[in-house]
Amino acid sequence: MTQMKIQPNKFNQGSEPEKEAPDPRQDSALSAEHVTIRYGNTVAVDDVGLAFAANQITAIIGPSGCGKSTFLRAFNRMNDFIPSASLEGAIRFQGIDIYDPAVDPVEVRLRIGMVFQKPNPFPKTIYKNVAWGPQINGFKGDLDELVENSLRSAAIWDEVKDRLHKSALGLSGGQQQRLCIARTLAMQSEVILMDEPCSALDPLSTGRVEDLMLELKQNHTFVIVTHNMQQASRASDYTAFMEAGKLVEFDHTEKMFQNPSNQRTEDYVSGRFG
Amino acid sequence: MNILAQKKSRWLEGGIHGFLFFCAFLSILTTVTIVVSLVWESIPFFFEVAPLDFLLGTTWQPLIVPREYGVLPLVVGTLQIVVGSALVAIPIGVCCAIYLSEYASPRMRKIVKPTLEVLAGIPTIVYGYFALTAITPVLKSIYSGTETYNAASASIVVGIMILPMIASLCDDALRAVPGSLRQGAMALGATRFEALTRVIFPAALSGITASFVLAFSRAVGETMAVSIAAGATPSMSFLPTESIQTMTAFIVQVSMGDTPRGTPEYHAIFAVGMLLFLITLGINMVAHRVLRKYREVYE
């Protein structure tokens, strides 16, 4: 991947986090401390502390309505657009609390990208979908190359290289979702949040997205919210289980699925409820 | 006995079907009748005046001898109102819609939207006298050469009249853009304004254009306010400070006077009416096409 900085890396003035022997509790790209999120008076996320290891894939699982999507959206301040939502606690990205009033939320979203549940390509051409983010953020460089690299990284280049200037809405759902991933990759974000990215996709496309994450984790940190427990066990390094707004258990994925410490986790991963 | 063989008579079903068909048919019948009467009454006019003289003539003087029936001054007057009112209504209406859909708090929306609708519900004759008694004096104080009856005042007031339509339809078009596109843009580090101008507005553009076209056709057809504020002087001068006459204002002038039935000037109102009908029909067909395209923009 080409090395380029879209924005001066103002969060990253300290030392680079170490890449070896990742233990999420120490070597984290992103962490939540005592995070409570409310919609009006309703508590959606209740005092959750969690750290995501750099260059690893962390899955967040849990039954519907457990607050996992709300929690994920807090990491790039997407909850800002819900007027009733409020957050307590701190979310640290490379040591800086992204909810500090001095931090620009736009800058946060440049560094922490997001892929949504439903593919949401812009009603523009495939090329423009990928080029859009870098362009509005003042990217100076070879845009064609950036678009090609991003589409290649998202494993969709071969399918779209002959129709780059056709509408993105002509693509299939799985292709659209990979295009949205390419769009996020073009921003060179360190962290990519994925909010049930495969729930609208068929198993084949789902497999491709999972392979993609495994390939791209060399350069990115992934956090994925998923309903699909097989997906969590196949594609993630760490798994967090949430229920009713609380974090129940967080550990290596293998342990979570084979030998969880908590009875609720065991019931959930073995399909006894949820 | 086989249950499938017991066919019940559902006379009520049939009755409802018939009634609904009648209602639908009635609206078509009305349109056809209007067109037929327009054509029928304007045929005698075209025996007196050659169609080309009517369409291309530059003097409109149907009530005084020597009579002249060149419709262009009326078309120019109408065009002045349409362009002038668009200049007033489009920028304000679009900005208002953007504010409502993107920036206003739900509470603010609850105040502004009904206010706009009140604006749309004021009778046009009230607007006419508002132009005459409030807008024209202001224009006169700015430029003393402004006539009492003038195109600018009428344009401004028609602009105010079509403003709610533009604001409301543009607001609908902007709000119809899926929230997922807005979020997608924001997640790529766009500011609110960038998301608006570079994703949401382009996605809503055909709906916005359609609102303009509908507003144009309303401005073309506007009668009362224009008759009162712009006077009754057919003119080719394009000067907004002078009195003009639009097609609709002419129709009002003749139908309120004592023009005898059957004379060419009587038939002239139907000829002008038909031209007006064709113009608005053309505009509406364009609007319809644009709207159809608008439905296909995002699935």
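Residues numbered from 1 in each chain as written. Chains lettered and ligands numbered in written order. Predicted model: local features only at pLDDT ≥ 70, side-chain atom pairs only at ≥ 80, totals over all residues. Heavy atoms only, no water.

J.: I'm lost on the overall build of chain B in this one. Help?
T.: For chain B, the helix and strand inventory stands at eleven helices and two strands. Its helices and strands in sequence order give chain B the pattern α-α-β-β-α-α-α-α-α-α-α-α-α, from N to C terminus. Its C-alpha atoms give chain B a radius of gyration of 24 Å, more than 25% over the compact-globule value 19 Å for 299 residues. The principal-axis extents of the C-alpha atoms in chain B amount to approximately 80 × 70 × 30 Å. Residue pairs in contact within chain B that sit at least 24 positions apart in sequence constitute 72% of those at least 6 positions apart. Counting only carbon and sulfur atoms, one obtains 69% of the accessible surface of chain B, whose full area is about 16,000 Å². The centroid of the 19 positive side-chain charges in chain B is displaced by 16 Å from the centroid of its 17 negative side-chain charges. (Helix = DSSP H or I, 4+ residues; strand = E, 2+ residues; numbered from the N terminus. Rg over C-alpha atoms; globule rule 2.2 N^0.38 Å. Contact = heavy atoms within 4.5 Å. Areas by Shrake-Rupley, 256 points an atom, 1.4 Å probe, with all protein chains shown as cover. Lys, Arg positive; Asp, Glu negative; His and termini not counted. Charge placed at Lys NZ, Arg CZ, Asp CG, Glu CD.)

J.: Please clarify how the sheet that holds strand S10 (residues 246-252) of chain A should be interpreted in this entry.
T.: Residue and element names in this part refer to chain A. With respect to topology, six strands assemble into an open sheet ordered S6-S7-S8-S3-S9-S10, the strand pairing being mixed. Since the sheet does not close on itself, it has two edges, and those belong to strand S6 (112-115) and S10, each with one partner. If you compare each strand with its neighbour and ignore which way they point, the axes differ by 15 degrees on average. Where strand S9 (residues 238-243) and S10 come together, six bridges link them in antiparallel fashion. If you follow Thr239 over to S10, its bridge partner there is Asp251. Sitting on the sheet, helix H6 (residues 173-185) is in contact with S6 and strand S7 (191-195), with an inclination near 175 degrees to S6. Contacts between helix H7 (residues 203-216) and the sheet are confined to strand S3 (57-61), S7 and strand S8 (221-225), with S8 contributing the most and set at about 150 degrees to the helix. (Pairing = 2+ DSSP bridges. Axes fitted to C-alpha atoms, helices over the stretch in contact; angles between N-to-C directions.)

J.: Please explain unusual backbone geometry as it appears in this structure.
T.: Negative phi values dominate among residues other than glycine, just as trans dominates among peptide bonds. The amide bond that connects Val65(B) to the next residue, Pro66(B), takes the cis arrangement and shows omega of -5 degrees. Residue placement: Pro66(B) occurs in the loop between strand S1 (60-61) and strand S2 (68-69). Positive phi, normally seen in glycine, also occurs at Glu196(A), with a value near 45 degrees. Note on placement: Glu196(A) falls in the loop between S7 and H7.

J.: Is there a simple way to explain the environment of His34(A) in this structure?
T.: When you line up the elements, His34(A) lands in strand S1 (residues 28-39). Setting aside chain neighbours within four positions, we find His34(A) in contact with Asp47(A), Val48(A), Gly49(A), Glu88(A) and Gly89(A).

J.: Mind showing me how you'd approach the interface of chain A and chain B here?
T.: You'll often see interface size given as the accessible area lost when the parts meet. Listed by partner, the interface residues are 23 residues for chain A and 20 residues for chain B. For the chain A and chain B pair, buried surface summed over both sides reaches about 1,800 Å², with 67% attributable to carbon and sulfur atoms. Applying the counting rule to chain A against chain B returns zero salt bridges. One can count four residue pairs in polar contact (both at pLDDT 80 or more) joining chain A with chain B. For the side of chain A that touches chain B, the elements supplying multiple residues, two or more each, are helix H2 (105-111), S6, helix H3 (126-136) and H6 of chain A. Looking at the side of chain A that touches chain B residue by residue, the class counts come to 13 nonpolar, six polar and four charged. (Buried area = accessible area lost by both parts, 1.4 Å probe. Salt bridge = Lys/Arg side-chain N within 4 Å of Asp/Glu carboxyl O. Polar contact = N/O pair within 3.5 Å; in protein donor to acceptor, adjacent residues only side chain to side chain. Nonpolar A, V, L, I, M, F, W, Y, C, P; charged D, E, K, R; others polar.)

J.: It is not clear to me how the pattern of salt bridges should be interpreted in this structure. Could you clarify?
T.: Pairing between side chains of opposite charge can happen when the charged atoms of each approach one another. Here the structure, examined in full by the defined rule, presents 20 salt bridges over all chains. The partner of Glu190(A) in a salt bridge is Arg111(A), and the shortest N-O contact between them spans 2.2 Å. Placement of Glu190(A) in the loop between H6 and S7 and of Arg111(A) in helix H2 is noted, with a sequence separation of 79 residues between them. For Arg111(A), a relative accessible area of 6% gives the class buried. Between Glu243(A) and Arg264(A) there is a salt bridge, and its shortest N-O distance comes to 2.5 Å. You can see Glu243(A) sitting in strand S9 and its partner Arg264(A) sitting in helix H10 (residues 263-269), a full 21 residues away along the chain. Residue classification places Glu243(A) among the buried positions, given a relative accessible area of 19%. Given the relative accessible area of 36%, Arg264(A) is considered partly exposed. One network of salt bridges, with partners in common, ties together Arg109(B), Lys113(B), Asp171(B) and Asp172(B). (Buried < 20%, exposed > 50% of the residue type's maximum accessible area, 1.4 Å probe, protein only.)

J.: Explain H3(A) to me, please; I cannot follow it from the model alone.
T.: Because an α-helix completes one turn every 3.6 residues, residues spaced three or four positions apart along the sequence face the same direction. Among the eleven residues of H3(A), nine are classified as buried, and the element is accordingly described as predominantly covered. Where H3(A) is buried, its residues touch helix H4 (143-153), helix H5 (157-160) and H6 of chain A together with helix H7 (179-187) and helix H8 (192-221) of chain B. Positive phi shows up at Gly138(A), right after H3(A), with a value of about 75 degrees.

J.: Explanation requested: the packing of H3(A) against H6(A) in the structure shown.
T.: Each pair of packed helices can be described by the angle between their axes along with the distance between the axes. All names here are of chain A. Two elements in contact, H3 and H6, have axes separated by 7 Å at closest approach and are oriented at 30 degrees. The two elements H3 and H6 cross, and the hand of that crossing is right-handed. Residues Ile126, Asn129 and Val130 of H3 lie in contact with H6, whose contacting residues are Leu179, Ala182 and Arg183. Here the residues of the contact of H3 with H6 are counted per class, giving four nonpolar, one polar and one charged. (Left-handed = near helix turned anticlockwise from the far one by under 90°.)

J.: How should I be thinking about empty space enclosed by the protein in this particular structure?
T.: The probe, sized like a water molecule, is rolled over the atoms to show the empty space still left. Tallying each qualifying case throughout the model produces one cavity of 30 Å³ or more. Quantified by volume, the largest cavity comes out at close to 40 Å³. As for the largest cavity, its lining consists of Met114(A), Val115(A), Phe116(A), Asn120(A), Cys180(A), Arg183(A), Thr184(A), Gly184(B), Ala187(B) and Leu188(B). Breaking the lining of the largest cavity down by element, the ones donating at least two residues are S6 and H6 of chain A together with H7 of chain B. For the lining of the largest cavity, the element with the most residues is H6(A), which contributes three residues. For the lining of the largest cavity, a count of residues per class yields six nonpolar, three polar and one charged. (1 Å grid on protein atoms, 1.4 Å probe; cavity = no way out; pocket = protein on both sides within 12 Å on 5 of 7 lines; lining within 4 Å. Points joined across faces, edges and corners; volume = space filled by probe spheres on them.)

J.: Looking at this structure, how should I read a nonpolar patch on the surface?
T.: Residue and element names in this part refer to chain B. A grouping of Ile28, Val32, Val36, Val39, Trp40, Ile43 and Phe47 is seen on the molecular surface, where their side chains present a nonpolar patch of about 750 Å² in accessible area. Inspection of the secondary structure puts Ile43 in helix H1 (residues 11-48). Relative accessible area serves as the criterion here: at 37%, Ile43 is assigned to the partly exposed category. (Patch = residues over 30% accessible without salt bridge, like charges linked within 9 Å, V, L, I, M, F, W, Y side chains within 5 Å.)

J.: So what exactly am I meant to see when it comes to the side chain of Gln177(A) here?
T.: Position of Gln177(A) relative to the elements: it lies in helix H6. In this structure, Gln177(A) is in contact with Val115(A), Phe116(A), Gln117(A), Lys118(A), Pro119(A), Pro197(A) and Leu201(A), ignoring residues within four places of it in sequence.

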